[in-house]
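One-letter residues, chain by chain:
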Amino acid sequence: MIRTFLRVNKLNALVGKNSYQLANFSRRSNQSIQERKPLPSRPFNFEQDQLTNVIESKEEFDFVKKLLPNLIVPEPPKHESYPTPSGWVAPNYEKSSNLSYYVLRTRFHNYPIYPLEREGGSRKLVKIKRVEGDIWQFDKDLRKFIEECLEKYENKKQTVYTQVNEVQRQVVVKGHHQEYVNKFFIECGF
Amino acid sequence: MASVEKALLMLRNLPRVALNNIKEFPEVIKERKKQHALPRGKDAKFKLGADHKGAAQRMSRPRLGFGKSTPGYLRVPKEYYYEGHHLLRQYIPISLLQIQRLIDLGRLNPNEPIDLTDICNTKVLMLDPNKRHFGVQLTDEGADIFKAKVNIEVQWILSELTIAAIEKNGGVVTTKYYDRDCVYAMSDTINFFSSGKPIPKNGTPPLNAIEYYTSASNRGYLANPDEIRVERLKLAQKYGYTLPDLEKDPLKEMLSKRKDPRQIWHGLEPGWLVNLKDQCILKPADKEWIDYYKS
């Protein structure tokens, strides 16, 4: 019985009146609990001399509002030209409307491209998430684009291998080709 | 050639007699050895090495460095490699590239002074004052692409390229020290305001940081502003760019905003109490409190 009382005490302190309802749900014998009154608030027995005067003002509260964090990632502003100085590109819907697939951005407005390393760094992969639409066509175009890039910039003739996860809407590319994947996304207008 | 001449020629080429190539007679050496050597065999008074009794035979002597009143590891003086390492101040790095990206995405406002609170409010860094993090340090990564004009305040800058990249665009940098209590308040404002404590008064920098924050080349907040003006010009000549005139700038009012050394937020003074629920500020009117929080 002592244990239940302690519990109710804690609830009182936290939630106040609502704690009665919570206690009613949890315990069968309600009578003793219902009779209890809420705990008295903290005693204020200060004399007048111990308290100091304060001035209340609402003018400076605008400065406080600037200090509070924005709990949601804001929408990026419109720029005159892209890419921006830091290399960020806004999605171009005119370009991507012709395609049968689409890649969504992350909540931080970046591309969902993740370079990975497996087998202690010997197996290098790039994972692409959030692929929408015809994922097989996307996979085919991506492979073709990377192969062309490799021939153009690195003078290498090699086939690029990918894994398609149709259920989770992900594609994994073998080799650290994240820069070419990035280029492909910009060209598609994602 | 006569045989005499030959012999003389040979003598000339032979090594001279010196202390390094003369030796005692073998009998003398033998005698000396006999005198100094310990008697062995049947003449020996005690056995050399492990005896047939005791700790030496049973190999139970204390290991090297022990067996005396002060053991070896206490007798030898030592210098700890990481001595005082846990007391050092830590500054979390943030690059110019990161700052530029945050400005591009609208998460930092370049039209208002940027300080530690603004950077913490973006939630990009894992700043934890409990781990002796005293703020952020600006690194020079992305100095070439940096284009924003900002009035930024950080806690530490190591490379002057960082300063040059900001001042080239007409911006302003200052390095400012914040107390541990102030960093607690600035890193998580909602948590601090709801705790019901008055805004803290910033402390003075510790002894080993006073030199950094009073020097104009680091743009310290305690440096002489006239010296900072000279240093700005010097850096511009070193890196070869013309300094934009701050007085003709449309954003002059924002760029010339500085905090008091004791102050931690613009427009708010230490000692004020913020009430988030009623959206008001309580200022102390008592003379003792005002004197305490005076800078």
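Computed from a prediction, not measured in an experiment: that's the story for all the values here. (Residues numbered from 1 in each chain as written. Chains lettered and ligands numbered in written order. Predicted model: local features only at pLDDT ≥ 70, side-chain atom pairs only at ≥ 80, totals over all residues. Heavy atoms only, no water.)

### Structural notes on the pairing of strand S2 (residues 133–139) of chain B
All names here are of chain B.
Part 1 of the reasoning: The buried fraction of S2 amounts to six of the seven residues, a majority that puts the element mostly inside the structure.
Part 2 of the reasoning: Where strand S1 (residues 90–95) meets S2, five bridges bridge the pair, whose relative direction is parallel. Opposite Gln90, over in S2, you have His133 as the bridge partner. (Buried < 20%, exposed > 50% of the residue type's maximum accessible area, 1.4 Å probe, protein only. Helix = DSSP H or I, 4+ residues; strand = E, 2+ residues; numbered from the N terminus. Pairing = 2+ DSSP bridges.)

### Regarding the UniProt feature "domain: Large ribosomal subunit protein uL15/eL18" (unreviewed entry) in chain B
Part 1 of the reasoning: This chain's UniProt record puts "domain: Large ribosomal subunit protein uL15/eL18" (unreviewed entry) on residues 93–174 of chain B.
Part 2 of the reasoning: A helix fraction of 29% and a strand fraction of 23% characterise residues 93–174 of chain B, whose end C-alpha atoms lie 16 Å from each other. (UniProt positions renumbered as here; feature names shortened; annotations may be inferred.)

### Section: the packing of helix H6 (residues 135–153) of chain A against helix H7 (residues 178–188) of chain A
Residue and element names in this part refer to chain A.
Part 1 of the reasoning: At a closest axis distance of 10 Å, the pairing of H6 and H7 adopts a crossing angle of 120 degrees. Here H7 runs oblique to H6, going by the angle between their axes. The two elements H6 and H7 cross, and the hand of that crossing is right-handed. Residues Phe138, Asp141, Leu142, Phe145, Ile146, Cys149, Leu150 and Tyr153 of H6 form the contact with H7, whose own contacting residues are Tyr180, Val181, Lys183, Phe184, Phe185 and Glu187. (Axes fitted to C-alpha atoms, helices over the stretch in contact; angles between N-to-C directions. Parallel < 35°, antiparallel > 145°, perpendicular 65-115°, else oblique. Left-handed = near helix turned anticlockwise from the far one by under 90°. Contact = heavy atoms within 4.5 Å.)

### Description of the side chain of Arg232 of chain B
Part 1 of the reasoning: Secondary-structure assignment places Arg232 of chain B in helix H11 (residues 225–239).
Part 2 of the reasoning: In this structure Arg232 of chain B touches Glu167, Gly171, Val172, Arg219, Leu243 and Leu246 of chain B, once residues within four positions along its chain are discounted.

### A look at the interface of chain A and chain B
Part 1 of the reasoning: Between chain A and chain B, the residue contacts involve 30 residues of the former and 34 residues of the latter.
Part 2 of the reasoning: For the pairing of chain A and chain B, the buried interface totals around 2800 Å² over both sides, and the portion due to carbon and sulfur atoms is 64%.
Part 3 of the reasoning: Considering only the surface of chain A that becomes buried against chain B, Phe61, Leu67 and Ser86 of chain A emerge as the three largest contributors, covering 22% of it.
Part 4 of the reasoning: There are two salt bridges connecting chain A and chain B.
Part 5 of the reasoning: A salt bridge links Lys66 of chain A to Glu112 of chain B, with the shortest nitrogen-to-oxygen separation between them at 3.9 Å.
Part 6 of the reasoning: Summed over the shared surface of chain A and chain B, the number is eleven residue pairs in polar contact (both at pLDDT 80 or more). (Buried area = accessible area lost by both parts, 1.4 Å probe. Salt bridge = Lys/Arg side-chain N within 4 Å of Asp/Glu carboxyl O. Polar contact = N/O pair within 3.5 Å; in protein donor to acceptor, adjacent residues only side chain to side chain.)

### Digging into unusual backbone geometry
Part 1 of the reasoning: Cis geometry is adopted by the peptide bond preceding Pro83 of chain A, which originates at Tyr82 of chain A and carries an omega value of 0 degrees.
Part 2 of the reasoning: Look at Asn155 of chain A: it is not a glycine, yet its phi comes out positive at around 55 degrees.
Part 3 of the reasoning: Mapped onto the fold, Asn155 of chain A is located in the loop between H6 and strand S6 (162–165).
Part 4 of the reasoning: Backbone geometry at Arg132 of chain B places phi at a positive 60 degrees, although glycine is not the residue there.
Part 5 of the reasoning: If you trace the backbone, Arg132 of chain B turns up in the loop between helix H6 (116–121) and S2.

### As for the packing of aromatic side chains
Part 1 of the reasoning: Scanning the model with the defined rule gives 26 aromatic pairs over all chains in all.
Part 2 of the reasoning: Taken together, a centroid distance of 6.2 Å and an interplanar angle of 65 degrees make the contact between Tyr82 of chain A and Trp88 of chain A edge-to-face.
Part 3 of the reasoning: The class for Tyr82 of chain A is partly exposed, based on a relative accessible area of 35%.
Part 4 of the reasoning: Take Trp88 of chain A: its relative accessible area is 4%, and that puts it in the buried class.
Part 5 of the reasoning: Geometrically, the ring pair formed by Trp289 of chain B and Tyr292 of chain B is edge-to-face, given 6.4 Å between the ring centres and 85 degrees between the ring planes. One end of the pair, Trp289 of chain B, and the other, Tyr292 of chain B, are both in helix H13 (residues 287–293), three residues apart, so they sit about a helical turn from each other.
Part 6 of the reasoning: Among the aromatic residues, those joined into a ring-pair cluster are Tyr101, Tyr102, Tyr111, Phe138, Phe145, Phe184, Phe185 and Phe190 of chain A.
Part 7 of the reasoning: Lys201 of chain B extends its terminal NZ or CZ atom over the ring of Tyr292 of chain B, reaching a point 5.3 Å from the ring centre. (Phe/Tyr/Trp six-rings, centres within 6.5 Å; stacked < 30°, edge-to-face > 60°. Lys NZ or Arg CZ within 6 Å of the ring centre and 35° of its normal.)

### Notes on a nonpolar patch on the surface
Part 1 of the reasoning: Taken together, the side chains of Val4, Leu8, Met10, Leu11 and Leu14 of chain B define a hydrophobic patch exposed on the protein surface, amounting to about 490 Å² of accessible area.
Part 2 of the reasoning: Tracing the backbone shows Leu11 of chain B in helix H1 (residues 3–13). (Patch = residues over 30% accessible without salt bridge, like charges linked within 9 Å, V, L, I, M, F, W, Y side chains within 5 Å. Areas by Shrake-Rupley, 256 points an atom, 1.4 Å probe, with all protein chains shown as cover.)

### Here we look at the pattern of salt bridges
Residue and element names in this part refer to chain B.
Part 1 of the reasoning: Scanning all chains against the criterion turns up 16 salt bridges over all chains.
Part 2 of the reasoning: One salt bridge in this structure joins Glu24 and Arg32, with 2.5 Å as the shortest N-O distance.
Part 3 of the reasoning: Since its relative accessible area comes to 40%, Glu24 is described here as partly exposed.
Part 4 of the reasoning: Among the residues examined, Arg32 registers a relative accessible area of 38% and is labelled partly exposed.

### Re H11 of chain B
In an α-helix, one turn spans 3.6 residues; hence positions three or four apart end up facing the same way.
Residues and elements named next belong to chain B.
Part 1 of the reasoning: Over its 15 residues, H11 extends 21 Å from the first C-alpha to the last, a length consistent with the 21 Å expected when each residue adds 1.5 Å.
Part 2 of the reasoning: Listed in full, the buried residues belonging to H11 are Ile228, Arg232, Leu235 and Ala236. The buried residues of H11 occupy one face: seen down the axis, they fall within an arc of 100 degrees. Opposite the buried face of H11, at more than 90 degrees from it, the exposed residues are Gln237 and Lys238.
Part 3 of the reasoning: Considering only its buried residues, H11 is in contact with helix H7 (160–168) and strand S5 (172–175).
Part 4 of the reasoning: One or two positions beyond H11, positive phi appears at Gly240, with a value near 75 degrees. (Expected span 1.5 Å × (residues − 1). Arc of directions from axis to C-beta.)

### Observations regarding the sheet that holds strand S1 (residues 54–57) of chain A
Part 1 of the reasoning: Across the sheet, three strands lie side by side as S1(A)-S7(B)-S6(B); this open sheet has antiparallel pairing. Because the sheet does not close on itself, it has two edges, and the strands there are S1 of chain A together with strand S6 (273–275) of chain B. Geometrically, the sheet is characterised by an average inter-axis angle of 25 degrees between neighbouring strands, direction not taken into account.
Part 2 of the reasoning: Where S1 of chain A and strand S7 (residues 280–284) of chain B come together, four bridges link them in antiparallel fashion. Directly across from Ile55 of chain A, in S7 of chain B, lies its bridge partner Lys283 of chain B.

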